[in-house]
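# Commentary on secondary and tertiary structure
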Amino acid sequence: MDSFSEPYIRQGDDISLDAVRADIRALEQQHIDAGIPLSGRVLHVCHYLPVISTLNTRPGVLSPPPTPPTIPADADPAPAPAPASDAPIWTLAPRYGHAAMISGIQSLAATHEQLIIGWTGDILAPTPNERISSDNVPASDRAALDDALAAYQPKESDPDDERKITYVPVWLDDKVAHGHYDGYCKQTLWPLFHYLLWQDVATEYASADSHYPYYEAANAAFARRIAEVYRPGDLVWVHDYHLLLLPRLVRESIPDVVLGLFVHTPFPSSEIFRCLPRRKEILDGMLGANLICFQTYSYSRHFTSTCVRVCGYETTPRGIDVEGHVTSIMHCPVGVDAERVGRDIKRPGIQPKIEALRALYEGKKIIVGRDKLDVVKGVLQKLRAFEKLLQDYPEWRGNVVMIQVTSPALTDSPKLERVVSELVAHINGEYGSLDFIPVHHYHQTLKKDEFYALLSVADLAVITPLRDGMNTTSMEFVIAQQQNGVGVSNADGAAEVEGKHSPLVLSEFMGISKNMDDAMLVNPWNLGDVAAAIHRGLLMSPAEKARRQANLYRVVTTHTSHTWAAVLVKMLLGQVDGQGQARMTPYLPVDDMGREYKRSGEGTGKRLFLFDYDGTLTPIVKTPSMAVPTAATLEALERLSADPKNIVYIISGRDGAFLEQHLGHLKNVGYSAEHGGFVRERGSTEWVNFTENLDMEWLGEVGEIFRYYTERTTGSHIETKKSSITWHYRGSDPEWGQCQDLLENNLAHKRPIEVLVGKKNLEVRPIAVNKGEIVKRILYQNPDAEFIFCAGDDKTDEDMFRALLLFPPGTTEATLPAPLAITLVDGENSPPVKLAIRPEAVFTTAVGHSSKRTLASWHVTAPQEVVDNMLDLVNRADADAKSSL
Ligand SMILES: O=P(O)(O)OC[C@H]1O[C@H](O[C@H]2O[C@H](CO)[C@@H](O)[C@H](O)[C@H]2O)[C@H](O)[C@@H](O)[C@@H]1O
């Protein structure tokens, strides 16, 4: 699947949990049949555990609570039992919040063993409002928490289900925990991801960077904990913006981990994200994942274009390619646990509350809203839109009430609270009377029954955040409207049906909106539009309400938190054969190579060194002419080629002029330019042109196409060589797709050319030449070679590696059936020659990530390592020579 253009689930797709689970079983079987180990475990890594831990501790270890408090505002307070002498050391209670995510994770326990790895949260003391500094919790108590958590099952879990969830605590020092969450998460990342720049949020704003060390430290602690509990074959899902560095950190310690990152927040456009001082660190951290999943397609597009525009990374149909490690990008919105919400909404305590509300507001239409009171939830804009409704549609004055509940936000803003109160007072003063109050504002945490009663009784819900990843209230509203109350729903308004079917006004700036387009989608900034939508919603015909409700209800009850979690597992399993162990290229075995180098020195044969240039002997840089060899590179080439046993070639896409200018003084080195089009043999100054007799008419045509795009693409340029031509777009907006299509679809099949997609370039060369042919030629000329080192970083270098696939995989000298012979297919009438090389002495080496798709047997990560390893070989040889004197 093209991970960029295909939504994983489209709205209206019939998605069933059973079908997704069947797909999971099939995929798992497929992997097991292919010999890929799967442990059957899913590790979910979340900021904190869904458990509140109270330490029934001894006196003397209490510390004052850290500020600000970190229990989510809508969390139920933890019970604080008084310690008894025989009380267990730890008391555990459920921590509420993130209900959708947690219920999704819990549902997976039906099919997989589940671990939730998360921060302990602040440790509570048994006395109310006291916390215990984690720094004061001794190792023995920490170990006791592990045991207590191992035995813990939340009360809502199925007691008959043996596949329980294991909770794995991550301990963070208080300073790190709060610098991480209250600092970097809440003050730097959260505003940015919601399109707020820091100076707009806090006047005392100092630096968007000041808490970064805590963020790093917390992510590192999580990585260490994962490494402790990880088993081969585990699937790892990391959740949310608190842990964006984690994928990369985990991959450093477990290179073949199969890891997904789910981003629950919005992801902003690249123009916003680029303001983040640590943007590269954060993106690189995320790109350690095999798969990054967002709530919506547009967030995934923002992320992709940020990687391309801010970091200059390449995109391929498989995902984002960083040095060969490809991260797939997908999206799949979280839903609610529809079954559970449906059950809860029917609880007996709710009906009397519904009736009380009906009696209280009899004869009035009821509009409801419930939001956290933070700036992005758009409460102010919503109230202004309500005022606009009363202005523009005076018939509603006295006939409609807005019940707006706001729960305290984590980052409380007294200023916002004050402005909201003033606005409410203003509307009520302007449009209310002694016996009528238009806006009822409650700033408090509602009990669940009250909340569901309110949703059930409403004639309209208005949920209009300025930016939100996803929103459970809108989904709970749809379920409440279906389950509670009686509505009148056929076209002529005659028959009573189950459900009330009141409409929903929803902001278009929310992750969930794309999935719920039967809601009335509005731009919350456009007050007139919101007022008009409210007006239409209040007057909507029963038939239209029923039609919209039916569609919304189907979406909410099929795209649930359970299907979401199952889809995540399915998506990650889909990555296993793409990135699994079989595909990892091991690191160059430097000691083995040293031994083989030495051993070949004792025989009569030669050693071959075949190097690509850009990205292999020198790092990729913005301007091609600046990619000049370093002193160390020149030294390595000079010293290697000084040994008469060594035959050194640089096989590059560059033209001869560039190679001569920067490397030409190395007389013992041979060169091939323009991807095999030209060769300058060792000791010679002449270039042999292999393209001489080829049809080169196409050069002009390709040049014209490239010129067309260069004129229209600021920052791009053309590099014209003798028999090939390159269009570079590293310095420009990466709109090269059309140019490539034009070349491939209109020219390539009519002309003897090949179009190569390089590193931020498109290259066109004659189809008859390639680097692989040059390698075969060198090998043919040196059949006595007893050692081969060949390194490259780019797609064109794969031709060299292919030419060196001389032995079936896994062959050793002992299992080699007969001496190997090769021929040249170049019409030179060359008879087959026998080769002396042994499988163990061929070191094909890709420069890039270990998960890069390559035919090479080994990898190193950067050009510097190629150079260092070469210097190491010659240094060791020199040392051996000295010691034998
Ligand atoms: O075969 P190679 O030696 O790897 O050469 C391949 C192409 O490399 C050069 O372009 C690339 O490197 C530049 C310098 O780092 C970089 O600015 C550019 O974006 C890369 O595409 C070179 O200019 C081409 O002619 C070579 O064919």
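Residues numbered from 1 in each chain as written. Predicted model: local features only at pLDDT ≥ 70, side-chain atom pairs only at ≥ 80, totals over all residues. Heavy atoms only, no water.

In the annotation of an unreviewed UniProt entry, the protein is listed under the name Glycosyltransferase family 20 protein and assigned to Asterophora parasitica.

Another aspect to go through is the site of the ligand. Taken together, 22 residues lie near the ligand, and Asp612, Val621, Lys721, Arg730 and Lys759 sit nearest. Side-chain polar atom of Arg730 to an oxygen atom of the ligand: 2.7 Å apart, as the coordinates give it. Here an oxygen atom of the ligand sits 2.7 Å away from a polar atom, N or O, in the side chain of Lys771. Notes on the ligand: free accessible area 580 Å², of which the protein chains cover 99%. (Near = heavy atom within 4 Å. Polar contact = N/O pair within 3.5 Å; in protein donor to acceptor, adjacent residues only side chain to side chain. Areas by Shrake-Rupley, 256 points an atom, 1.4 Å probe, with all protein chains shown as cover.)

With that settled, consider the pattern of salt bridges. One pass over the structure, following the stated rule, counts 44 salt bridges. Between Glu281 and Arg278 there is a salt bridge, with the nearest N and O atoms lying 3.2 Å from each other. Using a relative accessible area of 32% as the deciding quantity, one classes Glu281 as partly exposed. The closest approach of N and O atoms between Arg547 and Glu544, which form a salt bridge, is 3.9 Å. Here Arg547 and its partner Glu544 are both found in helix H18 (residues 542-558), three residues apart, which amounts to about one turn of the helix. Within this structure, Arg340, Asp344, Arg347, Lys448 and Asp449 form a network of salt bridges that share partners. (Salt bridge = Lys/Arg side-chain N within 4 Å of Asp/Glu carboxyl O. Buried < 20%, exposed > 50% of the residue type's maximum accessible area, 1.4 Å probe, protein only. Helix = DSSP H or I, 4+ residues; strand = E, 2+ residues; numbered from the N terminus.)

The six strands lie next to each other as S16-S15-S14-S17-S20-S21, forming an open sheet whose pairing is parallel. Only two strands of the sheet have a single partner each, and these edge strands are strand S16 (439-443) and strand S21 (520-522). Neighbour-to-neighbour, the strand axes of this sheet turn through a mean angle of 20°, independent of strand direction. As judged from the three bridges shared by strand S17 (residues 460-463) and strand S20 (residues 504-507), these two strands associate in the parallel manner. Pairing of Ile463 across the sheet is with Leu506, part of S20. Helix H13 (residues 379-392) contacts strand S14 (365-372), strand S15 (400-407), S16 and S17 of the sheet and is inclined by roughly 175° relative to S15. (Pairing = 2+ DSSP bridges. Axes fitted to C-alpha atoms, helices over the stretch in contact; angles between N-to-C directions. Contact = heavy atoms within 4.5 Å.)

What follows covers the pairing of strand S1 (residues 41-48). Within S1, eight of the eight residues are buried, which leaves the element mostly enclosed by the surrounding structure. Pairing between S1 and strand S4 (residues 113-119): seven bridges, direction parallel. Note on S4: the bridge partner recorded for Cys46 is Gly118.

This paragraph deals with the nonpolar core. Counting 87 residues, the largest nonpolar core has Trp90, Leu504 and Met516 as the members making the most contacts within it. Here this core takes ten residues from helix H19 (residues 561-579), the largest share from any one element. Aside from chain neighbours lying at most four places away, what touches Trp90 is Ser53, Thr54, Leu55, Asn56, Ile123, Val137, Asp141, Ala144, Leu145, Ala148 and Trp171. Ala177, Ala221, Phe267 and Phe273 belong to the second-largest nonpolar core, a separate cluster that totals 63 residues. (Core = buried A, V, L, I, M, F, W, Y, C linked by side-chain atoms within 4.5 Å.)

With that out of the way, let us pick up unusual backbone geometry. Although it is not a glycine, Glu323 adopts a positive phi angle of roughly 50°. When you line up the elements, Glu323 lands in the loop between strand S12 (319-322) and strand S13 (325-331). Of note in this structure, Glu674 is not a glycine but carries a positive phi near 50°. Assignment of secondary structure puts Glu674 in the loop between strand S24 (669-673) and strand S25 (678-680). Given a relative accessible area of 2%, Glu674 falls into the buried group.

Scanning the model with the defined rule gives 27 aromatic pairs in all. Plain terms: the ring middles of Tyr184 and Tyr215 are 4.8 Å apart, the flat faces sit at 45° to each other, and that makes the pair tilted. With Tyr184 in helix H4 (residues 174-193) and Tyr215 in helix H6 (residues 212-229), this residue pair connects regions lying 31 residues apart in the sequence. The residues Tyr184 and Tyr215 share a single accessibility class, namely buried. A centroid spacing of 5.8 Å and a plane angle of 75° characterise the contact between Phe267 and Phe294, whose relative ring orientation is edge-to-face. Pair noted here: Phe267 is in the loop between strand S9 (258-263) and helix H8 (270-273) and Phe294 is in strand S10 (residues 291-294), with a separation of 27 residues, a long-range link. The two residues Phe267 and Phe294 agree in class, both being buried. Arg95 extends its terminal NZ or CZ atom over the ring of Tyr48, reaching a point 4.7 Å from the ring centre. Lying over the aromatic face of Tyr597, Arg607 brings its terminal NZ or CZ to 3.6 Å of the ring centre. (Phe/Tyr/Trp six-rings, centres within 6.5 Å; stacked < 30°, edge-to-face > 60°. Lys NZ or Arg CZ within 6 Å of the ring centre and 35° of its normal.)

For the rest of this paragraph, the subject is the state of the cysteines. By definition, a disulfide is the covalent link that joins the sulfur atoms of two cysteine residues. The tally for this structure, following the rule as stated, stands at zero disulfides. Free cysteine Cys46: the closest other cysteine sulfur is in Cys185, separated by 13 Å. On the basis of relative accessible area, Cys185 is assigned to the buried category, the value being 0%. (Disulfide = S-S within 2.5 Å.)

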